[in-house]
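Breakdown of the fold
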Amino acid sequence: QVHVVESGGGLVQTGGSLRLSCAASGSILRIYGMNWYRQVPGKERELVATLDTGDGSTKYLDSVKGRFTISGDNAKNTMRLQMNSLKPEDTAVYYCNFLVIERGPGSYWGQGTQVTVSS
């Protein structure tokens, strides 16, 4: 069993910053991937940022490149998403996702946190 808890989020004005955090606990042997997704009502969940913990490489949704930064700490089973220069179109529920090895591969999600950017 793996338990994931998200924190952060909230209301911010255009141009402001927020930091989202996520922590996993439980029977984790290794985390091989860390992801942040977001979803707005009526639309599919989209991948915002991903971190390969093997080589440290990161990838970002084009619209957030240069503004968002994903980071992770394998020793502590945590990840963060630093969001700067926020825009109203970044408003969404954000979800963290850990790709882990327990007895086998598994994918675990946070509960979601609302980010609202006012214009």
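Heads up: these notes are all about the structure in this document. None of the values given here were measured: they were computed from a predicted structure.

Before going further, it helps to examine the nonpolar core. If you look at the biggest cluster of nonpolar residues, it comprises 28 residues, and the most contacted ones within it are W36, F68, L81, M83, Y94 and F98. Of all the secondary-structure elements, those providing two or more residues to this core are strand 1 (2–7), strand 3 (18–26), strand 4 (30–39), strand 5 (46–52), strand 7 (68–73), strand 8 (78–83), strand 9 (92–101) and strand 11 (113–118). Of all the elements, strand 9 adds the most residues to this core, at 5 residues. With near-sequence residues (within four places) excluded, M83 lies in contact with G16, S17, L18, L20, R67, F68, Y94 and V115.

What follows concerns the pattern of salt bridges. Enumeration according to the criterion identifies 4 salt bridges in this entry. The partner of R67 in a salt bridge is D90, and the shortest N-O contact between them spans 2.8 Å. Placement of the pair is R67 in the loop between strand 6 (58–60) and strand 7 and D90 in the loop between strand 8 and strand 9, with a sequence separation of 23 residues. Taking relative accessible area as the criterion, R67 reaches 9% and is therefore assigned buried.

Let us look at the sheet that holds strand 1. Read across the open sheet, the 4 strands follow the order 1-3-8-7; overall the sheet is antiparallel. Looking at strand neighbours, the two that pair on one side only are strand 1 and strand 7, the edges of this open sheet. Each strand axis lies, on average, 15° off the axis of its neighbour in the sheet, ignoring direction. Summarising the sheet, strand 1 and strand 3 pair through 6 bridges and their orientation is antiparallel. The residue bridging V4 from the neighbouring strand is A24, located in strand 3.

Each value, and the rule that gives it
Residues numbered from 1 in each chain as written. Predicted model: local features only at pLDDT ≥ 70, side-chain atom pairs only at ≥ 80, totals over all residues. Heavy atoms only, no water. Core = buried A, V, L, I, M, F, W, Y, C linked by side-chain atoms within 4.5 Å. Buried < 20%, exposed > 50% of the residue type's maximum accessible area, 1.4 Å probe, protein only. Helix = DSSP H or I, 4+ residues; strand = E, 2+ residues; numbered from the N terminus. Contact = heavy atoms within 4.5 Å. Salt bridge = Lys/Arg side-chain N within 4 Å of Asp/Glu carboxyl O. Pairing = 2+ DSSP bridges. Axes fitted to C-alpha atoms, helices over the stretch in contact; angles between N-to-C directions.

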